[in-house]
Amino acid sequence: MTDNLITDTTGLPVRLWLRLLTSTHMIEGEIRSKLRTTYDTTLPRFDVLAQLYRCPDGLRMGELSKLLMVTGGNITGIIDQLTQEGLVERATDPADRRAYIVRLTEKGSAEFEEMAASHREWIDDLLCGLGTEDQLALHNLLKTLRTSLEEKLNHDSE
């Protein structure tokens, strides 16, 4: 992987950002396609199931939309579909009768576990061009980038 190292630093931050963006779009596109063809589902539905799987006691609809960074309307539509399919259930929140708690059903958990296993295999396959050391190095660099961005954005908003 070191045969074609780039040494020209002209416009490097923009080129790096474009490379990250392109890689992300390529991976996301492939995952979307595989979810559609293998499980007849979408990435947003997979993301909702994943969040609910992480919280077996369920989540309020507002918490779910906040975690996924989407509007409540988007979540409501997805939850309606998943409820009709028997993958999730809604219950009135005992602490607030105006709110609903959403949780996976047994069927939903089982289907998500199958999808998640495939998802891991797809990601492993897509990133297999990088060896373990390169994956660790990239992970650590991206962690450093995230920390730097959080500090910069938090500082700028003060």
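Undergrad: Tell me about the sheet that holds strand β3 (residues 96–104), residues and numbers included.
TA: Taking strand neighbours across the sheet as the criterion, the three strands line up as β1-β3-β2 in an open arrangement whose pairing is antiparallel. Every other strand in the sheet has two partners, leaving β1 (59–60) and β2 (88–93) as the edge strands with one partner each. Strand direction decides the pairing type here: β2 and β3, joined by six bridges, are antiparallel. Counterpart to Val88 in the pairing with β3 is Leu104. Seen against the sheet, helix α4 (residues 72–84) touches β2 and β3 and runs at an angle of roughly 115° to β2.

Undergrad: So, the confidence of the model for the protein chain: which residues are in play, and what are the values?
TA: In this model, the protein chain carries a mean pLDDT of 91, and residues with pLDDT of at least 70 account for 97%. Mean pLDDT across the elements of the protein chain bottoms out in β3 (88) and peaks in helix α5 (residues 106–126) (97).

Undergrad: Break down the packing of helix α3 (residues 61–68) against α4 for me, citing the residues and quoting the values.
TA: The geometry of a pair of packed helices is captured by two quantities: the angle between their axes and the separation between those axes. Two elements in contact, α3 and α4, have axes separated by 9 Å at closest approach and are oriented at 110°. With respect to each other, α3 and α4 are oriented roughly perpendicular. Here α3 and α4 pass one another in a crossing that is right-handed. Residues Met61, Leu64, Ser65 and Leu68 of α3 lie in contact with α4, whose contacting residues are Gly72, Ile75, Thr76 and Ile79. A per-class count over the contact of α3 with α4 returns five nonpolar, three polar and no charged.

Definitions and limits used
- Residues numbered from 1 in each chain as written.
- Predicted model: local features only at pLDDT ≥ 70, side-chain atom pairs only at ≥ 80, totals over all residues.
- Heavy atoms only, no water.
- Pairing = 2+ DSSP bridges.
- Helix = DSSP H or I, 4+ residues; strand = E, 2+ residues; numbered from the N terminus.
- Contact = heavy atoms within 4.5 Å.
- Axes fitted to C-alpha atoms, helices over the stretch in contact; angles between N-to-C directions.
- pLDDT = per-residue confidence, 0-100.
- Parallel < 35°, antiparallel > 145°, perpendicular 65-115°, else oblique.
- Left-handed = near helix turned anticlockwise from the far one by under 90°.
- Nonpolar A, V, L, I, M, F, W, Y, C, P; charged D, E, K, R; others polar.

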